[in-house]
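# Structural overview for review
One-letter residues, chain by chain:
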Amino acid sequence: MSPGPARGRTTAEASGRRGPVVRRWQLVRAGSDAVPPSARRFMRRARQRRMRAALPWAVAAAVLVLAGLIAWIVLGTGLFGVREVRVEGAELVTPVQVREAAGVPDGVPLARVDLTGTARRIGELAPVERATVTRDWPGALVVRVVERTPVAAVPQGERFVLIDHTGTVFRSLDERPGDVPLVRVTRPGADDPGTRAAVAVLGALSPELRGSLLDVSVESLALIKLRLDGGRTVVWGDASRNEDKARVATALLDQRAKTIDVSAPDVVTFR
């Protein structure tokens, strides 16, 4: 009995022809049952670890994108731009003057406004002692103004100028206000030594002296005089030891004297 054809013989061998062997391969997806449960658990845990590792980076990227979008909207667009400038506490200056001094254009992003610089520019207005500027979202600047308080009026020709506690001139009037003392100096101003001396003397006066005061005259830095009602004069001297001089002058107000010299408060003369 002749042997049968060998199992697994290629097509070329079966036909008796010699030639290259051709093998045909086919990929077949294995079913889930083909993967052992332990391997599936391992792959599932590995996938979960990758997801957990990637989650913080994904969250950080989303936060950065959101922050960038918000920054662009707030800083780079007019959506939150200046639409209003509200002025509080202004009486000697008008809101228009404050807005012009602020120099903040309409529509500029509110977050980009230099609050300190804006307050400084407003503070350069003569009647303004200080100013603060804050943001009121979404589109307003709030300016709070503290104006100067007059401590004396200084005659200048036919007009009167008002000075504050620093000697700064901040207002000019046609008539003298009746509620502030009169100071006579040549060149009123914060940089004038005579003005500063007069303000220092005024700050030291007792209520009794202020109630009788008509004016303070600075003839020189060494010779300051107070003119009181009833034709009385207090020779003050310079602006040193003001509290001592005020105390002595107040004690002598009842004396029948036209002139009280307290320039040397330890040795008082009157006549």
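Moving on: the packing of helix α3 (residues 95-102) against helix α4 (residues 115-123). The interhelical angle for the contact between α3 and α4, taken along N-to-C directions, is 130°, at an axis separation of 8 Å. Put simply, α3 runs oblique to α4. Judged by the twist between their axes, the crossing of α3 over α4 is right-handed. Between α3, through Val98, Ala101 and Ala102, and α4, the contact on the second element is made entirely by Thr118, Arg121 and Ile122. In terms of residue class, the contact of α3 with α4 is built from four nonpolar, one polar and one charged.

In this section: the pattern of salt bridges. Within this structure, the stated rule accounts for 14 salt bridges. The salt bridge involving Arg227 is made with Asp215; its shortest N-O contact spans 2.7 Å. A residue pair is termed long-range when its members are at least 10 positions apart, and Arg227 in strand β9 (residues 223-228) and Asp215 in strand β8 (residues 213-220) qualify at twelve residues. The partly exposed category is assigned to Arg227, whose relative accessible area is 40%. Of the charged contacts in the structure, one is a salt bridge between Asp266 and Arg241, with a shortest N-O distance of 3.1 Å. Placement of Asp266 in the loop between β11 (259-261) and β12 (269-270) and of Arg241 in the loop between β10 (232-237) and α7 (242-251) is noted, with a sequence separation of 25 residues between them. Classification of Asp266 as exposed rests on a relative accessible area of 63%. Residue classification places Arg241 among the partly exposed residues on the basis of a relative accessible area of 41%.

Moving on: the confidence of the model for the chain. As a note on interpretation, predicted positions should not be read in detail where pLDDT is low. Scored by pLDDT, the chain has a mean of 85; 78% of the residues are at 70 or more. Here helix α1 (residues 11-14) is the element of the chain with the lowest mean pLDDT, 46, and β9 is the one with the highest, 98. Taken together, the stretch residues 1-15 has pLDDT below 50 and engages in four contacts with residues farther than four places along the chain or on a different chain.

Next up on the list: a positive patch on the surface. On the surface, Arg44, Arg45, Arg47, Arg49, Arg50 and Arg52 cluster together into a positively charged patch. Looking at where Arg49 falls in the secondary structure, it is placed in helix α2 (residues 37-76).

Attention now goes to the pairing of β8. Where strand β7 (residues 182-184) lies against β8, three bridges are found, and the strand directions are parallel. Across the sheet, residue Val183 finds its bridge partner in β8, namely Val216. As paired strands, β8 and β9 are joined by six bridges and run antiparallel to one another. By the bridge assignment, Asp215 is partnered in β9 with Arg227. Linkage of β8 to β9, two consecutive antiparallel strands, is achieved through a turn of two residues.

Let us now look at the sheet that holds strand β2 (residues 128-136). Taken in spatial order, the three strands line up as β1-β3-β2 in an open sheet, and their pairing is mixed. Both edges of this open sheet fall to β1 (84-88) and β2, since each of them pairs with a single strand only. Averaged over all neighbouring strand pairs, the angle between strand axes comes to 20°, with direction disregarded. Pairing of β1 with strand β3 (residues 140-147), which is carried by five bridges, proceeds in the parallel orientation. Paired with Glu88 across the bridge in β3 is Arg144.

Reading the values: the criteria
- For every chain, the first residue of the written sequence is number 1, and numbering continues from 1 along that sequence.
- The predicted nature of this model means local features are confined to residues of pLDDT at least 70 and side-chain atom pairs, given and counted, to a pLDDT of 80 or more, with totals for whole chains, interfaces and linings taken over all residues.
- In computing side-chain values, all of the structure's heavy atoms are included and hydrogens and water are not.
- All axes are obtained by fitting lines to C-alpha atoms, using only the stretch in contact for helices, and the reported angles, taken between N-to-C directions, cover 0 to 180 degrees.
- Secondary structure elements are defined from DSSP: runs of H or I of at least 4 residues count as helices, runs of E of at least 2 residues count as strands, and each element is numbered from the N terminus.
- The scheme is simple: roughly parallel for angles under 35 degrees, roughly antiparallel for over 145, roughly perpendicular for 65 to 115, oblique for anything else.
- If you view the pair so one helix is near and one far, a crossing is left-handed when the near helix is turned anticlockwise from the far one by less than a right angle, and right-handed when it is turned clockwise.
- Pairs of residues are marked as contacts when any of their non-hydrogen atoms sit within 4.5 Å.
- Ten residues, namely Ala, Val, Leu, Ile, Met, Phe, Trp, Tyr, Cys and Pro, are considered nonpolar, four, namely Asp, Glu, Lys and Arg, are considered charged, and the remaining ones, Gly among them, are considered polar.
- What makes a salt bridge here is a side-chain nitrogen of Lys or Arg within 4 Å of a carboxyl oxygen of Asp or Glu, nothing more.
- Think of it in three bands: residues with accessible area under 20% of the maximum for their type are buried, residues over 50% are exposed, and the middle band is partly exposed, with areas taken using a 1.4 Å probe on protein chains only.
- Per-residue confidence from the predictor is reported as pLDDT, which spans 0 to 100.
- Residues enter patches when their relative accessible area tops 30% and they take part in no salt bridge; the joining distance is 9 Å for like charges and 5 Å for the nonpolar side chains Val, Leu, Ile, Met, Phe, Trp and Tyr.
- To be clear on the numbers: accessible area is Shrake-Rupley with a 1.4 Å probe, and residue cover counts the displayed protein chains and nothing else.
- Counted as positive: Lys and Arg. Counted as negative: Asp and Glu. His and the chain ends are not counted at all.
- A single reference atom marks each charge: NZ on Lys, CZ on Arg, CG on Asp, CD on Glu.
- Two strands make a pair as long as DSSP finds a minimum of two bridges between them.

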